[in-house]
Amino acid sequence: MILVIGDTNDITTNIAMEWIRHYTKNVKRINFSDYTPLDSLKITNQNCTTKIASIDTSEVEKIWHRRGSIRFLPITLRNANSSLYTYLKKEEDSLLKSLEDILGDTKEYIGSYHKEVENYKIDYLLKAKDCGIRIPDTLITTSKKELQSFFNTYDQIITKDIRYGIKIKAQDSGIYSGGTFVVSEDMITSMKKHFAPTLVQEKIEKKYEIRVFFFKTTLYPMAILSQNDSKTSVDYRNYNREKPNRNVPVLFPKHIEQQILNFIKRSGLSTGSIDLIVDKADDYIFLEVNPQGQLDWVSKHCNYYIEKNIAEYLVFK
Amino acid sequence: MNVQQETPFKLIANCIPVKGAKRSSICDLHRGSIQLIPNDLYELIKNREGSSIIEIKKKYDHKYDTIIDEYFEFLIDHEFIFFTATPELFPKMSMNWYQPNTITNAIIDVGKQSDYNIYHALENLNELRCKHVEFRFFKKISLEEIKTIVEFLVDIKSSIISIDFTIPFDNDFEIETIQNFMSTNGRVSSFRYYGGHENKFISPIDNRRGYIIITDTIISNEKCCGIIDSSLFSVNISTFTESQKFNSCLNRKISIDANGHIKNCPSMMKSYGNITAINLNEVVEQKEFKKYWNISKDKINVCKDCEFRHVCTDCRAYIENPANIYSKPLKCGYDPYTNTWEDWSKNPLKSKAIEYYGLQE
Ligand code: SF4
């Protein structure tokens, strides 16, 4: 049996499910926004068995963990503002982590909730560097002096989050950002001598960006041609609606492809998507990886049929 | 973007040139628009993609430098090309088209005479895992009745993700009521009111998807369908790739006409049984039922020479020569050999077919 962990409105889960069902009836789907009963996770001195939503997991051969996680907390307990929820969620998370390990031991488990939660940019930068892929020079600091001298070293620097996109709830508004922006001299001047840990990187003049979705060892790279447009020249996620960036299929030079495959292996990731840039000298620079990254528009714009390929892997391989 | 004379140019992979008899088009499948180009430019792109402008100019002994510059200005303006020193790293987009389900779209017609059970039909469509349904009512219908249909789909957790309603205009019509209805019922993608006092397009609210069209045309039966017009071109990857090998209207379609007859399209003569007597999946299994699905534009007379052939929705129900299933759609007024559009219904050469189908006004 194939088990898919996705979400109700996730287009990728929906399309892939159509394909899986086209090939087999032997599939079950679990949605992040639903409540999934945990019938039992039973550990005795003889063995360890699990039954989730009436599915005996010993019958499951492959798990594709596309998005979110299983949610064992009944919906009535999910009041995001209560401290009870914060506690219960922590407990649930640790259970999910163990469960992922237990299931991953006996069957093929593709995708991961825990890799998504623990998506530490610095760790992956180091891994990429170890695999021989260029990375932007990076500084994490709490000191204005260090920041200033880093700033002085490069033509331009950018900043982005270390792990979590900015999501700060204020009384009647909030500050939200998941993107990247350029750091100006003025910004630095206005900062105090010491501040919370902040990540900055040299800004690399790019020819184009590449978003590559990977599933196992298959790479689906898409080039995002955005340089002509000041709105998107830092981070393509700052979309331009009128003239959207051109997105086209692209190939990696052989040695870069090998480095990327090495990186994937080294990170222990079975699926995800990687952002890279190609600079003016045709160097490939690793930016970040998203273990539960989107693939919908990579598939659509390049006519890759990724969802179909995933389904075929799950059913036939 | 600036012109780079010395760097090779590459076409954006999802902007695809299509050659016609007298001129060509570039179908921008990403932004959903189409631009017309001379066949010379088509040839230039086809034969010289991957070369630099300088090389191209040299190839033509610098005889056409001004024209070549103009061509490239146009291509750059529309962002159809980019310059790259590594053109070999930018492959063409695959032209494959796949679909997991045998039926993807359906038309359900309801008239005064209809006595079949629509709910039964919807259950049948769900079994086929159909995605889109167009309901056409040739009689008055209340919003309450429409609600019941939509709620039924929710109840059975139907595979149908989009429904379009074509219904007669009613003086009680209120934009807001309909917009609210669509925003609370995600499956409903549009309402088209015919027989109104004006022609009007009402965009969806807040970037959502439900839109409303009001037209003053009267749609009293299925004979109104099959019109080919540039406003109906569908410029996207899915239609473009599907049309390479399949019919761009009839492929994976099933219909129930107002009398309950199961057909590929309600306007076609051939019925494969009545929904009161036979289930849709039994019909789909008949090989004969799918006989039009593989009639791609490349097999159709005239269309095969048309620069719009991969964005144009075909029609096999009304064709110029009813005796030849490969003849051009009757209701197309375009002539790719002269690049002119005319009113198809006034073309004397078409009068016989018009009479044959009983389409006279
Ligand atoms: S000639 Fe054929 S392809 Fe061209 S517009 Fe008419 S129907 Fe469409």
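The structure presented is a predicted model; accordingly, all values stated were derived computationally and were not measured.

Draft legend 1. Just helix α6 (residues 175-184) of chain B, in detail. Residue and element names in this part refer to chain B. Within the sequence span of α6, burial applies to Ile178, Gln179, Phe181 and Met182. For α6, the arc enclosing every buried residue in end-on projection is 160°, short of the 170-degree limit, so these residues lie on one face. Exposed residues lying more than 90 degrees from the buried face of α6 are Glu176 and Thr184. Where α6 is buried, its residues touch α5 (143-155), β9 (188-194), β10 (200-202) and β11 (211-214).

Draft legend 2. Up close: the site of the ligand. Neighbouring the ligand are B:Ile228, B:Lys297, B:Cys303, B:Cys306, B:Arg309, B:Cys312, B:Lys328, B:Pro329 and B:Cys332. Tallied by class, the residues present in the shell around the ligand amount to six nonpolar, no polar and three charged.

Draft legend 3. Molecular detail of the sheet that holds strand β12 (residues 181-183) of chain A. Residues and elements named next belong to chain A. The four strands are arranged β8-β13-β9-β12 in an open sheet whose pairing can be described as antiparallel. Bordering the open sheet on either side are β8 (138-143) and β12, each of which pairs with just one other strand. Within this sheet the neighbouring strands show an average axis-to-axis angle of 45°, counted without direction. The pairing of strand β9 (residues 157-160) with β12 spans three bridges and is antiparallel. Following the sheet pairing, Ile157 is matched in β12 by Val183. Against the sheet, helix α5 (residues 144-153) engages β8, β9, β12 and β13 (194-202), with an angle of about 145° to β8.

Draft legend 4. The packing of helix α4 (residues 118-127) of chain B against α5(B), seen in detail. Residues and elements named next belong to chain B. Contact geometry for α4 and α5: axes closest at 11 Å, N-to-C directions at 35°. The element α4 and its partner α5 pack so that their crossing is right-handed. Note on element contacts: α5 touches α4 through Thr148, Ile149, Phe152 and Leu153, opposite Ile118, Tyr119, Leu122 and Glu123.

Draft legend 5. Spatial organisation of the side chain of B:Asn347. All names here are of chain B. Relative to the assigned elements, Asn347 resides in the loop between β15 (340-341) and α9 (351-356). When its relative accessible area of 15% is taken as the criterion, Asn347 is described as buried. Within the structure, Asn347 has its side chain in polar contact with the side chain of Glu342 (distance 3.0 Å). At 2.8 Å, the side chain of Asn347 and the backbone nitrogen of Leu349 are in polar contact.

Draft legend 6. Structural context of the nonpolar core. Core analysis: the largest hydrophobic core is formed by 67 residues, its most contacted members being A:Phe263, A:Ile274 and A:Phe286. With residues near it in sequence (within four places) discarded, A:Phe263 still touches A:Tyr124, A:Lys127, A:Ala128, A:Cys131, A:Ile133, A:Ile274, A:Phe286 and A:Val289. Counting 63 residues, the second largest nonpolar core, distinct from the first, contains B:Ile163, B:Phe181, B:Met182 and B:Ile300.

Draft legend 7. Molecular detail of the domain arrangement of chain B. Residue and element names in this part refer to chain B. If you check the domain split of chain B, you get domain 1 (9-89) and domain 2 (105-296). Facing eight residues of domain 1, the contacting portion of domain 2 comprises four residues. Carbon and sulfur atoms supply 86% of the area that domain 1 and domain 2 bury against each other, a total of about 530 Å² over both sides. Area buried by domain 1 at its contact with domain 2 is led by Leu29, Gly32 and Ile34, which between them contribute 67% of it. There are zero salt bridges connecting domain 1 and domain 2. Joining domain 1 to domain 2, the criterion identifies zero residue pairs in polar contact (both at pLDDT 80 or more). Counting residues per element, the ones that place at least two in the side of domain 1 that touches domain 2 are β2 (15-19) and β3 (23-28).

Draft legend 8. Molecular detail of the confidence of the model for chain A. In the predicted model, chain A carries a mean pLDDT of 92, and 95% of its residues have values of at least 70. Element-level mean pLDDT values for chain A span from 76 in strand β11 (residues 174-177) of chain A up to 98 in helix α9 (residues 306-316) of chain A.

Draft legend 9. Spotlight on the interface of chain B and chain A. Of the residues lining the interface, 32 residues belong to chain B; the matching set on chain A comes to 27 residues. Across the chain B/chain A interface, buried area totals approximately 2400 Å², and carbon plus sulfur atoms make up 56% of it. Counting the surface chain B buries against chain A, the share from its top three residues, B:His30, B:Leu89 and B:Pro100, is 26%. On the surface where chain B and chain A come into contact, there are three salt bridges. Here A:Arg246 and B:Asp28 are joined by a salt bridge, their closest N and O atoms 2.8 Å apart. Across the chain B-chain A interface, the total number found is 15 residue pairs in polar contact (both at pLDDT 80 or more). Residue composition of the side of chain B that touches chain A, grouped by class: 15 nonpolar, nine polar and eight charged.

Draft legend 10. The packing of helix α1 (residues 11-23) of chain A against α9(A), seen in detail. Residue and element names in this part refer to chain A. Closest axis-to-axis distance for the α1/α9 pair is 8 Å, and the angle between their directions is 45°. The angle between α1 and α9 falls in the class oblique. Once α1 is placed against α9, the crossing between them reads as right-handed. Across the interface between the two elements, Thr12, Ile15, Ala16, Trp19, Ile20 and Tyr23 of α1 pack against Glu307, Lys308, Ala311, Glu312, Leu314, Val315 and Phe316 of α9. Broken down by class, the residue content of the contact of α1 with α9 amounts to nine nonpolar, one polar and three charged.

Draft legend 11. Local environment of the domain arrangement of chain A. Residue and element names in this part refer to chain A. Assigned domains of chain A: these are domain 1 (2-117), domain 2 (137-202) and domain 3 (206-290). Tallying the contact residues gives seven residues for domain 1 and eight residues for domain 3. For the pair domain 1 and domain 3, the summed buried surface comes to about 520 Å²; carbon and sulfur atoms form 60% of the total. Of all residues in domain 1, the largest losses of buried area upon contact with domain 3 belong to Glu108, Ile110 and Lys115, amounting jointly to 64% of the total for that side. Connecting domain 1 to domain 3 are one salt bridge. Taken together, the links from domain 1 to domain 3 amount to three residue pairs in polar contact (both at pLDDT 80 or more). If you list the elements that add at least two residues to the side of domain 1 that touches domain 3, you get β7 (108-110) and α3 (113-117). It is β7 that contributes the most residues to the side of domain 1 that touches domain 3, three residues altogether.

Draft legend 12. Structural context of the pairing of β9(A). All names here are of chain A. The two faces of β9 match: Ile157 and Thr159 on one face and Ile158 and Lys160 on the other face are all buried. Relative to β13, β9 runs antiparallel, the two sharing four bridges. Within β13, the residue paired with Lys160 across the bridge is Leu199.

Draft legend 13. Representation of α5(B) in the model. Residue and element names in this part refer to chain B. When the terminal C-alpha atoms of α5 are compared, their 18 Å separation across 13 residues agrees well with the 18 Å that a helix rising 1.5 Å per residue should span. Looking at α5, one finds that the buried residues are Ile146, Ile149, Val150, Phe152 and Leu153. Projection of α5 onto a plane perpendicular to its axis shows the buried side chains occupying an angular sector of 150°, all on one side. Away from its buried face by more than 90 degrees, α5 exposes Glu144 and Asp155. In this fold, the buried residues of α5 make contact with α4, β7 (132-137), β8 (162-168), α6 and β9. One or two steps after α5, the chain reaches Lys157, where phi turns positive at roughly 50°.

Conventions adopted
- Residues numbered from 1 in each chain as written.
- Chains lettered and ligands numbered in written order.
- Predicted model: local features only at pLDDT ≥ 70, side-chain atom pairs only at ≥ 80, totals over all residues.
- Heavy atoms only, no water.
- Buried < 20%, exposed > 50% of the residue type's maximum accessible area, 1.4 Å probe, protein only.
- Helix = DSSP H or I, 4+ residues; strand = E, 2+ residues; numbered from the N terminus.
- Arc of directions from axis to C-beta.
- Contact = heavy atoms within 4.5 Å.
- Near = heavy atom within 4 Å.
- Nonpolar A, V, L, I, M, F, W, Y, C, P; charged D, E, K, R; others polar.
- Pairing = 2+ DSSP bridges.
- Axes fitted to C-alpha atoms, helices over the stretch in contact; angles between N-to-C directions.
- Left-handed = near helix turned anticlockwise from the far one by under 90°.
- Polar contact = N/O pair within 3.5 Å; in protein donor to acceptor, adjacent residues only side chain to side chain.
- Core = buried A, V, L, I, M, F, W, Y, C linked by side-chain atoms within 4.5 Å.
- Domains from an automatic or database assignment.
- Buried area = accessible area lost by both parts, 1.4 Å probe.
- Salt bridge = Lys/Arg side-chain N within 4 Å of Asp/Glu carboxyl O.
- pLDDT = per-residue confidence, 0-100.
- Parallel < 35°, antiparallel > 145°, perpendicular 65-115°, else oblique.
- Expected span 1.5 Å × (residues − 1).

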